[in-house]
Amino acid sequence: MKSEKPLVIYFTNESPALSYGLGTYTEQIKSVFSDLHTLDLICIKISVLVNEIEFNNTDGISTYIFPDNQNQNQLCNSLIYFFKHELSITKSRHLIFHFNFPIHYFIALEAKKHFNVSFIYTLHYMDWCIELGPNINNLKKILETHSENRIYKKFALEKAIMQISDRICVSTEYSTHILKDFYNVNGSKIAIIPLPNSIPLRPKIQTDICQIRDSFNLTESEKIILFVGRLDKNKNLDTLIKAFLNLRRDDVFLWIIGGGDYRTYLNEVSDSSWKKIHFWGYRDKTFISRAFQVTDLGVVPSIYEEYGYVAVEFLCAGIPLIVNNTSGLAELAKNVPQIYKFSDTSESLNLALESFFENYNGKFMSYNSLSVERFSINTFKRNILTVYNDLINMSSI
């Protein structure tokens with residue numbers, strides 16, 4: 001009887017992040033399998049928006065949208081039953097479960113009882129960094145008290161899924177050190193796989209740029225600062241707006257692309273300044289790619305970021321960039337000295353903005369081919385396939 005190919009089952013949850021970084025990551029994982037004949041892929045999305053299992057195959061990948069259940073035991077039992085009886089997966093077939101959320105730990109525990117399975121966990125962010133900021137001392141205080149508060153419990157769940165996982169994918173050395181020192185993760189389990197660029201690279205042909213500028217009603221002298229991301233607290237947009245409003249230039253405009261409640265930021269903007277700030281709302285990659293063509297400066301002011309897709313996209317597009325000197329962004333800036341940095345406050349960011357435009361020469365930054373290759377989708381595919389194949393080979397020993 002012909003043996004079945006190893007099967008990767010990729011798990012996501014319905015989440016605002018699916019429209020941004022995690023959604024992009026999911027599409028990139030699917031692209032790995034587009035012309036791959038040695039592995040199969042099935043996607044499982046756990047969603048509160050459905051009441052029964054739904055199926056789609058619009059992109060050539062089988063995706064099952066599975067009803068969420070607050071009772072994790074019931075959810076796990078339903079998934080195991082589905083895998084066994086609906087998908088006919090047997091214990092003889094090697095499985096790789098690829099997780100993206102700490103809550104998937106409970107699925108991993110149950111799956112170990114029924115299947116020949118290895119686990120990969122991709123670290124997109126650490127919950128305590130979102131709430132406490134990336135200062136490790138903030139985490140130390142909570143861990144030392146062993147208090148049973150919400151943040152401690154989230155840390156414990158993150159640690160649990162890392163301990164049960166066979167490989168943990170991270171984007172930065174910054175995360176590697178934290179995983180070793182505070183999550184007690186063996187370094188041999190960690191794979192550093194930088195996030196790939198997701199915006200198509202286009203040659204900057206002057207005639208095309210002029211046409212795009214005209215479509216945005218931009219004059220020849222007007223300059224654009226661009227922010228792309230969810231409008232949430234961690235993205236630190238209020239700091240960018242304050243810094244921008246104190247920028248002493250009439251020819252510079254701030255564009256904000258991303259979903260969320262823009263009304264949160266209205267109090268920061270006076271009536272006289274509205275003409276200089278444009279909230280575009282959530283837009284697709286095609287629109288963002290066009291916006292990149294006329295952007296003079298990108299800003300990633302996030303309090304905490306694992307590099308972040310936006311920083312990589314600005315970098316690969318050759319757009320000058322200012323980042324907050326923190327977490328993975330600090331590591332990116334260290335490796336690319338041309339990136340401007342600021343230190344968390346609006347005053348520091350304003351100084352960085354002023355410095356950039358004082359030295360403005362209208363040219364995009366140029367990066368060598370090694371930088372572009374490092375963040376290419378082909379490099380990402382090779383790296384993630386290496387992780388999959390290593391686990392398959394380990395299970396065969």
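See the structure shown above.
The structure presented is a predicted model; accordingly, all values stated were derived computationally and were not measured. In this numbering scheme, every chain counts its residues from 1 along its sequence in written order. pLDDT decides what is reported in this predicted model: residues at 70 or higher carry local features, side-chain atom pairs at 80 or more are listed and counted, and totals for whole chains, interfaces and linings draw on all residues regardless. Remark: hydrogens and water are excluded; side-chain values derive from all non-hydrogen atoms of the structure.

## Description of the overall build of the chain
Then, number 1: Of the regular secondary structure elements, the chain holds 15 helices and 14 strands.
Then, number 2: In summary, the chain has a C-alpha radius of gyration of 22 Å against a globular reference of 21 Å for 397 residues, a match within 12%.
Then, number 3: Overall, the C-alpha framework of the chain stretches about 70 × 55 × 40 Å when taken along its three principal axes.
Then, number 4: Only protein chains enter the calculation, and the probe is 1.4 Å; a residue is then buried if its accessible area is under 20% of its type maximum, exposed if over 50%, and partly exposed in between. By residue count, 54% of the 397 residues in the chain fall in the buried class.
Then, number 5: Throughout, a residue-residue contact means that at least one pair of heavy atoms, one from each residue, lies within 4.5 Å. When contacts within the chain are restricted to residue pairs at least 6 apart in sequence, long-range pairs at least 24 apart make up 67% of them.
Then, number 6: In the structure as shown, the chain presents an accessible area of about 18800 Å², 49% of it carried by carbon and sulfur atoms.
Then, number 7: When charges are counted, Lys and Arg are positive and Asp and Glu negative, with His and the chain ends excluded. The atom standing in for a charge is NZ when the residue is Lys, CZ when it is Arg, CG when it is Asp and CD when it is Glu. The centroid of the 40 positive side-chain charges in the chain is displaced by 4 Å from the centroid of its 42 negative side-chain charges. Only DSSP runs of H or I reaching four residues or more are called helices, and only runs of E reaching two or more are called strands; each is numbered from the N terminus. Both definitions apply: the radius of gyration is a C-alpha atom measure, and the globule rule equals 2.2 Å times residues to the power 0.38. Methods summary: accessible areas were calculated by the Shrake-Rupley approach with a probe of 1.4 Å, and residue burial reflects only the protein chains presented.

## Concerning the pattern of salt bridges
Then, number 1: Within this document, salt bridges are pairs made up of a side-chain nitrogen of Lys or Arg and a carboxyl oxygen of Asp or Glu, the two lying within 4 Å of each other. Counted according to the given criterion, the structure contains 16 salt bridges.
Then, number 2: Note that glutamate 14 is salt-bridged to lysine 45, the shortest N-O span being 3.9 Å. Of this pair, glutamate 14 sits in the loop between β1 (7-13) and α1 (21-32) while lysine 45 is found in strand β2 (residues 40-47), placing the two residues 31 residues apart along the sequence.
Then, number 3: Its salt-bridge partner being glutamate 313, residue lysine 285 comes within 3.3 Å of it at the nearest N-O pair. Note that lysine 285 is positioned in helix α10 (residues 285-293) and glutamate 313 in helix α11 (residues 309-317), a separation of 28 residues in sequence.
Then, number 4: Lysine 285 sits in the partly exposed class, given a relative accessible area of 32%.
Then, number 5: The network of salt bridges with shared partners includes Glu4, Lys5, Asp40 and Arg93.

## Section: the sheet that holds β1
Then, number 1: Strand order in the open sheet formed by eight strands is β3-β4-β2-β1-β5-β6-β7-β8, with mixed pairing between adjacent strands. Either end of the sheet is taken by a strand with one partner, and the two such strands are β3 (54-56) and β8 (190-192). Taking each pair of neighbouring strands and ignoring which way they run, the sheet shows an average axis angle of 20 degrees.
Then, number 2: If DSSP finds at least two bridges between two strands, the strands pair. Relative to strand β7 (residues 167-170), strand β6 (residues 116-122) runs parallel, the two sharing three bridges. Paired with threonine 122 across the bridge in β7 is cysteine 169.
Then, number 3: Orientation is described by axes fitted as lines to C-alpha atoms, over the contacting stretch for helices, and by angles from 0 to 180 degrees between their N-to-C directions. Here helix α2 (residues 72-86) sits on the sheet in contact with β1, β2, β4 (62-67) and β5 (94-99), set at roughly 145 degrees to β4.

## Focus on the packing of aromatic side chains
Then, number 1: Think of it this way: a Phe, Tyr or Trp ring, Trp meaning its six-membered ring, pairs with another when their centres are within 6.5 Å, and the plane angle makes it stacked under 30 degrees, edge-to-face over 60, tilted otherwise. Within this structure, the stated rule accounts for 26 aromatic pairs.
Then, number 2: Between phenylalanine 292 and phenylalanine 314, the ring centres sit 5.0 Å apart and the planes meet at 15 degrees, which makes this aromatic pair stacked. Placement of the pair is phenylalanine 292 in helix α10 and phenylalanine 314 in helix α11, with a sequence separation of 22 residues.
Then, number 3: Taking the relative accessible area as the measure of exposure, phenylalanine 314 reaches 0% and is therefore buried.
Then, number 4: Three or more aromatic residues link up through ring pairs in this structure, and these residues are Phe11, Phe55, Tyr64, Phe66, Phe82, Phe83, Phe97, Phe99, Phe115 and Phe119.

## Here we look at α1
Then, number 1: The span expected for a helix works out to 1.5 Å for each residue beyond the first. Taking 1.5 Å of rise per residue, the twelve residues of α1 would be expected to cover 16 Å, and the 17 Å separating its terminal C-alpha atoms lies within 8% of that figure.
Then, number 2: Within α1, the full set of buried residues consists of Leu22, Gly23, Thr24, Tyr25, Thr26, Gln28, Ile29, Lys30 and Val32.

## Section: the pairing of strand β12 (residues 297-300)
Then, number 1: A two-sided burial pattern is seen for β12, the buried positions comprising Leu297 and Val299 on one face and Gly298 and Val300 on the other.
Then, number 2: Alignment of strand β9 (residues 223-228) against β12, held across two bridges, turns out to be parallel. Across the sheet, the residue bridging to leucine 226 is glycine 298, located in β12.
Then, number 3: Across three bridges, the pairing between β12 and strand β13 (residues 321-324) is parallel. When the sheet's bridge partners are listed, glycine 298 is paired in β13 with leucine 321.

## Here we look at the side chain of threonine 24
Then, number 1: With respect to the element layout, threonine 24 can be found in helix α1.
Then, number 2: Judged by relative accessible area, threonine 24 falls into the buried class, the value being 12%.
Then, number 3: When sequence neighbours within four positions are dropped, the list of residues in contact with threonine 24 reads Ser198, Lys285 and Tyr309.

## A few points about the environment of phenylalanine 11
Then, number 1: Its location among the elements puts phenylalanine 11 in strand β1.
Then, number 2: In this structure, the C-alpha to C-alpha distance between phenylalanine 11 and lysine 223, residues 212 residues apart in sequence, is 42 Å.

## So, the nonpolar core
Then, number 1: Among buried residues, the Ala, Val, Leu, Ile, Met, Phe, Trp, Tyr and Cys ones that are joined through side-chain atoms within 4.5 Å form a nonpolar core. Ile44, Phe83, Phe97, Met126 and Leu179 are the most contacted members of the largest nonpolar core, which totals 49 residues.
Then, number 2: Once you skip the residues sitting within four places of it in the chain, methionine 126 turns out to touch Glu158, Tyr174, Ser175, Ile178, Leu179, Tyr183, Tyr304 and Glu306.
Then, number 3: Core analysis: the second largest hydrophobic core is formed by 35 residues, Val228, Ile257, Val312 and Leu332 among them.

Interpretation in functional terms is not warranted from these geometric data alone.
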